[in-house]
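One letter stands for each residue in the lines below.
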Amino acid sequence: MFILFIMKHKITKVASADLLDLVNLHLPNLFPRSNYFIEKYFSVSDRLDLIEKHHFCEQCEGYIGREPQQECAFCGCSLDSSKTNFFLVMPLKEQITKFLSTHGLPPEERSCDGTYSSIVDGEAYQDLVNSGKIGPNDITCQWNCDGMPVFKSSNYSIWPIQIMINECAPSIRKKNIMLVALWFGSGKPRMDSFLTPFVETCEKLSKEGISWTDTDGNTICTKMHMLVCSSDAVARPALRHAKQFNGEFGCDWCLNPGVVVPKGDGHVRAYSADHYRERTHEMMVNDAMEASNSAKCPNGIKGLTPLYLLTMFNMVTGFVPDYLHSVCQGVMRQFSGLWLDSQNHRKPWYIGRQMKDLDRRLLKMQPPCEVTRYPRSLATRRFWKASEWRAFLLFYSLIILPGILPQPYLQHLFLLVFSIYTLLQSSVTSAELDAAERALRKFVSEVRTLYGLEYMSFNVHQLLHLPQSVRNWGPIWGISTFPFKGNGGRLLRMFSGTQHVSLQVCKSLILFQEAKSLTTQCLTNATDEINFFCEKLDGKKHHQSYVRICQRLIVIGKQIFRPLSLLEQIAVEFFLNSRFDNPCALFF
């Protein structure tokens, strides 16, 4: 719990040492005397020795390898072996082995009624299973690579590569996200350098597999295959070595070239709702080969990337449109700005003058604890998190906007709400998927009519590709970046100061993982209060207003003690088969 407390509050080394001294003054010999003894207890130095440094050239960022060299093979510049830049690669094989030894092989819980309930129900996944490429003892993963700024006063950021096991239940999947590689520096990494060791490790595990022992003592060989990459529209082009969405043929999944149109004082690339030819993996390979042998960018592809060496990874269907960025922080934020920004005050959809009425309706909302954030004023919307935009889209927008937003635009919004709600269900039928696809196509096509061509952004265009991603990999909640973003926020709390950030993160991550494992073992028979406190330290959010009725029952919300109405009294007496005089009850 001590380590979890330090991680949650991002306490510095000096502060944690003082806290240890304070605890030991009151409870002598109960805790280690210093941070050094905590790290020694958990064998942090031994675990750090397993982490590899991979070097790259300071000038061109070309990949050098595990050992520093005297000269860069890419640009020919001389290298100082004592000052080479590097990124860190974590032992993926050991992490997978530990997970399998603890949890065993995840059960393949495929839906029996033809619905899409998880990744294993997707057509792309089932094609691999039916062709024998995924065996009964194999596991598959989805991965994410995205940058996160670490300091407010500079452009330094960390770029982690994280993976999740697809076959696990969502709750287990989110709790066991694995860090594979970590890059720290200014700007973006050179992706062919950063991806090289990741691809080599994944391809080796895909072909040779991992030998591990289950709880019954049986030795099992499990192969691990990378199938899905869930990243935002900024990271995807770098990973694919292709043009961005604001360039010609910038779409990841089709050959819509887009058209440059004026908007305000500048220009933007707009994507029409017309149907264009879909990309294929073979087309991507041919375009990448052509680009690498010439100065052209056929169909927006700039050249080869190490990802082409992943045998099981499809360079088109393997990348998915992430609804966190494309819908929550993309389309929903875009249209909210159109409705409320004063620069649109002459437009027929402008409702900024009714901001107070909207806020009054919005702030009256009292969502249940499953909605992680309470509503905030629309005036602060530029600070909203993705989960707030999701709640606004799904739960609030169609309640607060009627009577304020003109009817044609409200009906247009309903198409988006209906389709995203459908695609986010725990189980999606083929009929529901087809209905959502029709609604999304109608929504995208009507953007030009209602708002104008310049507002047909790439985020709007990505909506057209969401239904196919569901057919390939199941509901969009299962392939979103929400879990990766949550884990990334935890990584940002694992360092203090500005020196050796990546090493600090790795050391803190090892301590965190070991502390969680030890906490799980020690709290088997702990009281609910202790378990509740540990969950709180681990970042799990609980409703602040709650009352524990008994061991397994917690009620939430505001408490009101009042007499029962006549109908309520009749219902209670019928249920309990007993009469009451002047009955009162505590309501929540």
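Going by the structure above, here's the rest.
A few points on the structure. (Residues numbered from 1 in each chain as written. Predicted model: local features only at pLDDT ≥ 70, side-chain atom pairs only at ≥ 80, totals over all residues. Heavy atoms only, no water.)

## Describing the overall build of the protein
Just so we agree on the cut-off: Helical segments are the DSSP runs of H or I of at least four residues, strand segments are the runs of E of at least two, and each set is numbered from the N terminus. As a reference, a globule follows 2.2 Å times the number of residues to the power 0.38, and the radius of gyration itself is taken over C-alpha atoms. We call a residue buried when its accessible area falls under 20% of the maximum for its residue type, exposed when it is over 50%, and partly exposed in between, using a 1.4 Å probe and counting protein chains only. Here, two residues are considered to be in contact whenever any of their heavy atoms come within 4.5 Å of each other. We get accessible surface area from the Shrake-Rupley algorithm with a probe of 1.4 Å; when it comes to residues, only the shown protein chains can shield them.
A tally of helices and strands in the protein yields 21 helices and 16 strands. Here the C-alpha atoms of the protein give a radius of gyration of 27 Å, agreeing with the 25 Å that 2.2 N^0.38 yields for 588 residues. Dimensions of the protein, computed from C-alpha atoms along their principal axes, come out at roughly 90 × 75 × 50 Å. For the protein, buried positions account for 49% of its 588 residues. Contacts in the protein between residues far apart in sequence, at least 24 positions, make up 62% of those at least 6 positions apart. When the accessible surface of the protein is split by element, carbon and sulfur atoms take 54% of a total near 30200 Å².

## Topic: the pattern of salt bridges
Put simply, the test is: Any Lys or Arg side-chain nitrogen located within 4 Å of an Asp or Glu carboxyl oxygen qualifies as a salt bridge.
Applying the stated criterion to the full structure yields 14 salt bridges. In this structure, the salt-bridge partner of Arg-236 is Asp-252, at a minimum N-O distance of 3.3 Å. Highlighted residues: Arg-236 in helix 9 (residues 235-240) and Asp-252 in the loop between helix 9 and strand 11 (259-263), separated in sequence by 16 residues. Residue Arg-236 shares its accessibility class with Asp-252, and that shared class is buried. With its nearest N and O atoms 3.1 Å apart, the salt bridge here joins Arg-562 to Glu-568. Overlapping salt bridges, with partners in common, bring together Arg-236, Arg-240 and Asp-252 in one network.

## Structural notes on the state of the cysteines
Two cysteines form a disulfide when their sulfur atoms are joined by a covalent bond. For the record, the criterion: Disulfides are defined in this document as cysteine sulfur pairs within 2.5 Å.
On inspection of all chains with the given rule, the structure shows 0 disulfides. Here Cys-297 is not cross-linked by a disulfide; its sulfur's nearest cysteine counterpart is in Cys-251, at 16 Å. Taking the relative accessible area as the measure of exposure, Cys-297 reaches 33% and is therefore partly exposed. The thiol of Cys-506 is not disulfide-bonded; the next cysteine sulfur, from Cys-145, is found 15 Å away. Taking relative accessible area as the criterion, Cys-506 reaches 2% and is therefore assigned buried.

## Notes on the packing of helix 15 (residues 430-450) against helix 17 (residues 466-473)
Think of two packed helices as two axes; the pair is described by the angle between the axes and how far apart they sit. Which entries qualify depends on this criterion: For helices, the fitted line uses only the C-alpha atoms of the stretch in contact; every axis is such a line through C-alpha atoms, and the angle between N-to-C directions lies from 0 to 180 degrees. By the definition adopted for this analysis, an angle is roughly parallel if under 35 degrees, roughly antiparallel if over 145, roughly perpendicular if from 65 to 115, and oblique otherwise.
One way to put it is that helix 15 packs onto helix 17 with a least axis distance of 9 Å and a crossing angle of 160 degrees. The angle between the axes of helix 15 and helix 17 places the two elements in the roughly antiparallel class. For the pair helix 15 and helix 17, the contacting residues are Leu-433, Asp-434, Glu-437 and Leu-440 in the first and Leu-466, Pro-467, Val-470 and Arg-471 in the second.

## Quick look at the packing of aromatic side chains
Filter applied, for reference: Stacked, tilted and edge-to-face pairs are distinguished by plane angle, under 30 degrees for stacked and over 60 for edge-to-face with tilted covering the rest, among Phe, Tyr and Trp rings (Trp via its six-membered ring) whose centres lie within 6.5 Å. Criterion for a charge above a ring: Arg CZ or Lys NZ at most 6 Å from the ring centre, at most 35 degrees from the ring normal.
Throughout the structure, instances matching the rule amount to 21 aromatic pairs. Among the aromatic residues, those joined into a ring-pair cluster are Phe-335, Trp-349, Tyr-409, Phe-443, Tyr-451 and Tyr-455. Positioned above the aromatic ring of Phe-86, the side-chain terminus of Lys-53 is 4.5 Å from the ring centre.

## Considerations on the packing of helix 13 (residues 386-400) against helix 14 (residues 407-423)
Under the convention used in this document: By convention, the crossing between two helices is left-handed when the near helix turns anticlockwise from the far helix through less than a right angle, and right-handed when the turn is clockwise. The classification used treats Ala, Val, Leu, Ile, Met, Phe, Trp, Tyr, Cys and Pro as nonpolar, Asp, Glu, Lys and Arg as charged, and all other residues, Gly among them, as polar.
Two elements in contact, helix 13 and helix 14, have axes separated by 10 Å at closest approach and are oriented at 150 degrees. Put simply, helix 13 runs roughly antiparallel to helix 14. For the pair helix 13 and helix 14, the crossing hand works out as left-handed. Taking contact as the criterion, the partners of Leu-393, Leu-394, Ser-397 and Leu-398 in helix 13 are, on helix 14, Leu-410, Leu-413, Phe-414, Leu-416, Val-417, Ile-420 and Tyr-421. Here the contact of helix 13 with helix 14 is composed, by residue class, of 10 nonpolar, 1 polar and no charged.

## With respect to the pairing of strand 9 (residues 219-222)
Under the convention used in this document: Any two strands are treated as partners once DSSP identifies two or more bridges connecting them.
Side chains of strand 9 alternate between two faces, with Ile-220 and Thr-222 buried and Thr-219 and Cys-221 left unburied. Here strand 8 (residues 210-213) pairs with strand 9 via 4 bridges, running antiparallel. Paired with Ser-211 across the two strands is Cys-221, which belongs to strand 9. In sequence, strand 8 turns back onto strand 9 through a hairpin of 5 residues, with Gly-217 there showing a positive phi of about 85 degrees.

## Some thoughts on the side chain of Glu-388
Here is the rule: As used in this structure description, the phrase polar contact means that two N or O atoms lie within 3.5 Å; if the pair is within protein, one of them must be able to donate a hydrogen and the other to accept it, and residues adjacent in sequence are counted only when both atoms belong to side chains.
As for its placement among the helices and strands, Glu-388 is situated in helix 13. Accessibility expressed as a relative area gives 6% for Glu-388, which makes it buried. There is a polar contact of 2.8 Å between the side chain of Glu-388 and the side chain of Arg-376. Aside from chain neighbours lying at most four places away, what touches Glu-388 is Arg-373, Tyr-374, Arg-376 and Phe-383.

## Regarding a nonpolar patch on the surface
Heads up, the condition is: Residues enter patches when they are more than 30% accessible in relative terms and free of salt bridges; like-charged ones are connected within 9 Å and nonpolar ones (Val, Leu, Ile, Met, Phe, Trp, Tyr) within 5 Å.
Where nonpolar side chains cluster on the molecular surface, the patch consists of Val-572, Phe-575, Leu-576 and Phe-580 and spans about 400 Å² of accessible area. With respect to the helices and strands, Phe-580 occurs in the loop between helix 21 (566-576) and strand 16 (584-587). With a relative accessible area of 34%, Phe-580 lands in the partly exposed category.

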